[in-house]
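Observations on the model geometry
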Amino acid sequence: MRLIFLWPGKTKSPELRGLQDFFAARIRGFAACEIIATREARGLEEKFADKIKDLEARGLEKHLDGAYVISLEDRGKEMTSHEFASFLHGRERDSGKPVAFVVGGFLGLADRIVEKADMRLSLSRMTFSHELARILLLEQVYRALTIIGGRQYAK
């Protein structure tokens, strides 16, 4: 299985970047894993939200061709860790396509990215910062891969 994690902008917090690298390394023990940080829109005020999301979408779109796209959003499907593991295991068996997880920037994803997604996933009904959502996603993917692989993971 090939996994792609895609989002605009680099993770700025050194602590979160460390966790990002930690979980990415763990994931690579199970599957090919690539983190792609595209260009984030800078210098625009939040009142230009549509323009910001459009600029960020341009960078994200370049990496979606040929992938099974999962967009992260608050209105997406919620799953338990075991349901998520079963879902990923099914993707691995049913398709040779890479799985691309797309996390939006601080304003979320442009509608056209969400509409292109094969699936919409929610990590929780709570709202998290986009940088923290990256870490939660990576941790849950790692957890799912340990479940698929029959390995013990601390609870």
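Quick summary incoming for the structure in this document.

Rules of the game
- All residue numbers refer to positions counted from 1 along the written sequence of the respective chain.
- Note on the predicted model: pLDDT of at least 70 is required for a residue's local features to be given, and 80 or more for side-chain atom pairs to be given and counted; whole-chain, interface and lining totals, by contrast, use all residues.
- Only hydrogens and water are set aside when side-chain values are computed; all heavy atoms of the structure are taken into account.
- Helix and strand assignments come from DSSP, with helices taken as H or I runs of at least 4 residues and strands as E runs of at least 2, each series counted from the N terminus.
- Relative accessibility thresholds used throughout: buried, under 20% of the residue-type maximum; exposed, over 50%; partly exposed, between the two (1.4 Å probe, protein chains only).
- What makes two residues a contact is simply this: any of their non-hydrogen atoms within 4.5 Å.
- Two rings belonging to Phe, Tyr or Trp (six-membered ring only in the last case) form a pair when the distance between their centres is within 6.5 Å. Interplanar angles under 30 degrees mark stacking, angles over 60 mark edge-to-face geometry, and anything in between is tilted.
- Both a distance and an angle decide whether a charge sits over a ring: NZ of Lys or CZ of Arg must be within 6 Å of the ring centre and within 35 degrees of the ring normal.

1. Structural notes on the environment of arginine 39
Looking at the secondary structure, you find arginine 39 in the loop between strand E2 (32-38) and helix H2 (49-61). Taking the relative accessible area as the measure of exposure, arginine 39 reaches 67% and is therefore exposed. Residues arginine 39 and lysine 12 lie 27 residues apart in sequence; the distance between their C-alpha atoms is 13 Å. Among all residues touching arginine 39, those that are not within four sequence positions of it are Pro8, Gly9 and Glu56.

2. Considerations on the packing of aromatic side chains
Within the structure shown, the criterion is met by 6 aromatic pairs. Aromatic side chains phenylalanine 23 and tyrosine 142 sit 6.3 Å apart centroid to centroid with 45° between the ring planes, which places their arrangement in the tilted category. Of the two residues, phenylalanine 23 is situated in helix H1 (residues 14-28) and tyrosine 142 in helix H5 (residues 130-148); the sequence distance between them amounts to 119 residues. The exposure class assigned to phenylalanine 23 is buried, which follows from its relative accessible area of 10%. One aromatic cluster is present, formed by Phe22, Phe23, Phe30 and Tyr142 through successive ring pairs. Geometry around tyrosine 68 places arginine 91 over its ring, the cationic atom sitting 3.7 Å from the centre.

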